[in-house]
Amino acid sequence: MVIADGAVDLGVKKDRAYLLAKKQRHEPVVMLTAYDYPTAVAEEQAGIDIVLVGDSVGTNMLGYASEAEVTMDDIVHHTRAVRRGVQNAYLLADMPYHSFETPRVALRNARILLEAGADGVKLEGGVDQVGIVRALVAEGIEVCGHIGFTPQTLGSKGRIQGKTLEQAKLLVESAISLQAAGAFMLVLELVTEDISRLISERLTIPTIGIGSGRFCDGQVLVVTDVLGISRVTFKLARRYQEYKNLTLQAIEAYRQDVESHRFPSEENVFATKSEELALVESWLREGGTSS
Ligand code: KIV
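The structure contained in this document is the topic of the report that follows.

The rules behind the values
Residues numbered from 1 in each chain as written. Predicted model: local features only at pLDDT ≥ 70, side-chain atom pairs only at ≥ 80, totals over all residues. Heavy atoms only, no water. Helix = DSSP H or I, 4+ residues; strand = E, 2+ residues; numbered from the N terminus. Expected span 1.5 Å × (residues − 1). Buried < 20%, exposed > 50% of the residue type's maximum accessible area, 1.4 Å probe, protein only. Near = heavy atom within 4 Å. Polar contact = N/O pair within 3.5 Å; in protein donor to acceptor, adjacent residues only side chain to side chain. Areas by Shrake-Rupley, 256 points an atom, 1.4 Å probe, with all protein chains shown as cover. Nonpolar A, V, L, I, M, F, W, Y, C, P; charged D, E, K, R; others polar. Contact = heavy atoms within 4.5 Å. Salt bridge = Lys/Arg side-chain N within 4 Å of Asp/Glu carboxyl O.

Some remarks on helix α5 (residues 103-115)
In an α-helix, one turn spans 3.6 residues; hence positions three or four apart end up facing the same way. Its 13 residues give α5 an end-to-end C-alpha distance of 18 Å, which sits within 8% of 18 Å, the value for a rise of 1.5 Å per residue. For α5, the set of buried residues is Ala-106, Leu-107, Asn-109, Ala-110 and Leu-113. Directly beyond the C-terminal end of α5, a positive phi value near 125° is found at Gly-117.

With respect to the site of the ligand
As a structural note, the neighbourhood of the ligand is formed by Thr-33, Leu-52, Gly-54, Asp-55, Ser-56, Asp-94, Lys-122, His-146, Val-187, Glu-189, Ile-210 and Val-222. Measuring from an oxygen atom of the ligand, one finds a side-chain N or O atom of Ser-56 at 2.5 Å. The contact in question runs from an oxygen atom of the ligand to an N or O atom on the side chain of Asp-94, over 3.3 Å. Alone, the ligand offers 260 Å² of accessible surface; in the complex the protein occludes 96% of this. Of the residues contributing to the shell around the ligand, the split by class is 4 nonpolar, 4 polar and 4 charged.

Let's talk about the environment of Cys-216
Along the chain, Cys-216 falls in the loop between β7 (207-210) and β8 (218-221). Classification of Cys-216 by relative accessible area gives buried; the value is 11%. Here the alpha-carbon distance between Cys-216 and Gly-47, two residues 169 residues apart in the chain, equals 19 Å. In contact with Cys-216, not counting residues within four places along its chain, are Leu-188, Ser-196, Ser-200, Thr-207, Ile-208 and Gly-209.

Some words on the pattern of salt bridges
As enumerated under the stated definition, the model contains 13 salt bridges in all. For Asp-49, the salt bridge identified is with Lys-14, shortest N-O distance 3.4 Å. Of this pair, Asp-49 sits in the loop between α2 (37-46) and β2 (50-53) while Lys-14 sits in the segment before α1 (16-24); the two residues are 35 residues apart in sequence, bridging distant segments of the chain. Asp-49 sits in the buried class, given a relative accessible area of 2%. Looking at Lys-14, the relative accessible area reads 10%, which means it is buried. For the salt bridge of Asp-217 with Lys-23, the shortest nitrogen-to-oxygen distance reads 2.7 Å. With a gap of 194 residues between them, Asp-217 in the loop between β7 and β8 and Lys-23 in helix α1 connect regions that are remote in the sequence. In this pair, the class of Asp-217 matches that of Lys-23, namely buried.

Digging into the environment of Val-121
With respect to the helices and strands, Val-121 occurs in strand β4 (residues 120-124). Overall, the relative accessible area of 0% leaves Val-121 in the buried class. For Val-121 and Arg-111, which are 10 residues apart along the polypeptide, the C-alpha to C-alpha distance reads 9.3 Å. Among residues more than four places away in sequence, those in contact with Val-121 are Leu-92, Ala-93, Met-95, Ala-110, Leu-113, Leu-114, Leu-136, Ile-141, Glu-142, Val-143 and Cys-144.

Right, here's the structure in full:
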């Protein structure tokens, strides 16, 4: 079946069972953020397993200074746009900072994200969030945990996690208790490769790493880093395109074309038939007033 913008629906719904089966077969799960409809269509077409409407939308798309500024309205707006472009990929929406402070608040907000089109929600935090995860799972909501570097609360502090016994213990305990609480998947952000491997080996649910090495069950990147839109190149990412340069080149070429009368050209214009034009000109010569 052909869907929006020529994307092809191959009919395999990438639900949690599909993702779990990938871990069991040792096939890497591929996750990528998307914040808008055209990018969602491209990701669906490219066969991405999980499309994440991350709170990284704030710094990458909305010009915010940090993830902590992202609101429920922001995530709802972008989730709706991405939903229109995604059919088979799993659509995961991030719960913004302060949107899951109590089980009741978390439940209300998670349901809003599901209504906007998400298949499941992701929330940051380890052992401290186990009660919230349990409450959401009890209501049938699919929850992905997120431990390691957690931008909503850690800001720019202590980026790489798992370098000491104390940090590693907290990560392992968090991972095991989130799984026990019913989380169906776990994002590990900026965790050392050694500790990510130990966690991934111990969990039955898939782990998805960002800056967490080669032994996670899957990988996630921020799409603006992949496309080369971001200002900086992070060690954890790989740029597959230089979109920022391409965008600038295109916009500059457009400005130059308009300024030098090269745009619009004959191929961009619409004509009035000569007989009709003659009538208009004669009407104007006669004063151009309506009868
Ligand atoms: O918001 C986001 O993009 C994320 C990823 C870094 C996992 O949470």
